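Here is what each chain is made of, one letter per residue.
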Amino acid sequence: MATPNDLLKQQYEVVKLKTGSEIVGMVRETPEALLVTLPMICHLSVQQPINQTLATFYPYAPLSEDPIIKIPFDQVLHRSNMNSQFIPFYDEASAKWLKMVEDKNIPLTNDIHASKDYMRKAVDQILKNVRDEDLYDEFYEEALEDEFENAVPPTDKKKIH
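Every value quoted in this text rests on a predicted model; they were computed, and no experiment measured them.

Asks: Provide a residue-level description of the overall build of the protein, including the pertinent values.
Replies: When its secondary structure is counted, the protein shows five helices and six strands. Walking the protein from its N terminus toward its C terminus, one meets helices and strands in the order α-β-β-β-β-β-β-α-α-α-α. For the protein, buried positions account for 19% of its 161 residues. Taking as baseline every contact in the protein between residues at least 6 positions apart, the subset at least 24 positions apart corresponds to 52%.

Here it is as structure tokens:
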């Protein structure tokens, strides 16, 4: 049997909060508040040199087990329909996130040493292809020397520079 909540219209929306956060999700309006199912934050970044935009979706409340959040109307700055071009990407990301939450298999690590080792290897890999002359900028070096040689000590001993 259908409940009254099942009859409320639900649509893909972008909700901007007074805090500045902008979330996307399936939004249902109730008399008390907005209910947002699987709220996510979308980050857009331009990919060069191909000049395409990468849309990355992150969960809005990643530590919560509840897939629905309630937002009081007085916390909403504005709402709009989600651009239909992004809906398939949102659906894919939110479905994957919900499955990880339900299956309790979110890949987590607290191993700071593994992270440091990964970063060290990544930097070493980058530096392996860098030549010494790429690291040395003669013009910049000369500009720093000139600035140091021409520096004048402060005259007012009470003034912090």
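Asks: Quick rundown of empty space enclosed by the protein? Include the residues and the values.
Replies: Applying the stated criterion to the full structure yields one cavity of 30 Å³ or more. The set of elements that each furnish at least two residues to the lining of the largest cavity consists of strand E3 (33-47) and helix H2 (87-103). Sort the elements by how many residues they give to the lining of the largest cavity and H2 lands first, with four residues. Class assignment for the residues of the lining of the largest cavity results in 11 nonpolar, two polar and two charged.

Asks: Break down the nonpolar core for me, with residues and values.
Replies: Val 14, Val 24, Met 26, Leu 38, Met 40, Phe 57, Met 82, Ile 87, Tyr 90, Ala 93, Trp 97 and Val 101 form the largest nonpolar core, which has 12 residues in total. Elements with a contribution of two residues or more to this core: strand E2 (22-29), E3 and H2. Take this core: its biggest share by element is five residues, from H2. Among all residues touching Leu 38, those that are not within four sequence positions of it are Val 24, Gly 25, Pro 67, Tyr 90, Ser 94 and Leu 98. Grouped together as the second largest cluster of nonpolar side chains are nine residues, Val 15, Ile 23, Val 27 and Val 76 included.

Asks: Describe the pattern of salt bridges, and please don't skip the residues or the numbers.
Replies: Applying the stated criterion to the full structure yields six salt bridges. A salt bridge links Arg 79 to Glu 29, with the shortest nitrogen-to-oxygen separation between them at 2.8 Å. Of the two residues, Arg 79 sits in strand E6 (residues 76-81) while Glu 29 sits in strand E2, which places them 50 residues apart along the sequence. Looking at Arg 79, the relative accessible area reads 33%, which means it is partly exposed. The residue Glu 92 makes a salt bridge to Lys 96 at a minimum N-O spacing of 3.3 Å. Of this pair, Glu 92 and Lys 96 both sit in helix H2, separated by four residues, roughly a single helical turn. The exposure class of Glu 92 is partly exposed, given its relative accessible area of 44%.

Asks: I'd love a proper account of unusual backbone geometry, names of residues and values included.
Replies: Where the residue is not glycine, phi is negative for most of them; where a peptide bond is considered, it is trans in most cases. In this chain, Gln 48 is followed by Pro 49 through a cis amide linkage whose omega measures 5°. Looking at the secondary structure, you find Pro 49 in the loop between E3 and strand E4 (52-59). The phi dihedral of Leu 38 is positive, around 50°, even though this residue is not glycine. With respect to the helices and strands, the residue Leu 38 is situated in strand E3.

Procedures and definitions
Residues numbered from 1 in each chain as written. Predicted model: local features only at pLDDT ≥ 70, side-chain atom pairs only at ≥ 80, totals over all residues. Heavy atoms only, no water. Helix = DSSP H or I, 4+ residues; strand = E, 2+ residues; numbered from the N terminus. Buried < 20%, exposed > 50% of the residue type's maximum accessible area, 1.4 Å probe, protein only. Contact = heavy atoms within 4.5 Å. 1 Å grid on protein atoms, 1.4 Å probe; cavity = no way out; pocket = protein on both sides within 12 Å on 5 of 7 lines; lining within 4 Å. Points joined across faces, edges and corners; volume = space filled by probe spheres on them. Nonpolar A, V, L, I, M, F, W, Y, C, P; charged D, E, K, R; others polar. Core = buried A, V, L, I, M, F, W, Y, C linked by side-chain atoms within 4.5 Å. Salt bridge = Lys/Arg side-chain N within 4 Å of Asp/Glu carboxyl O.

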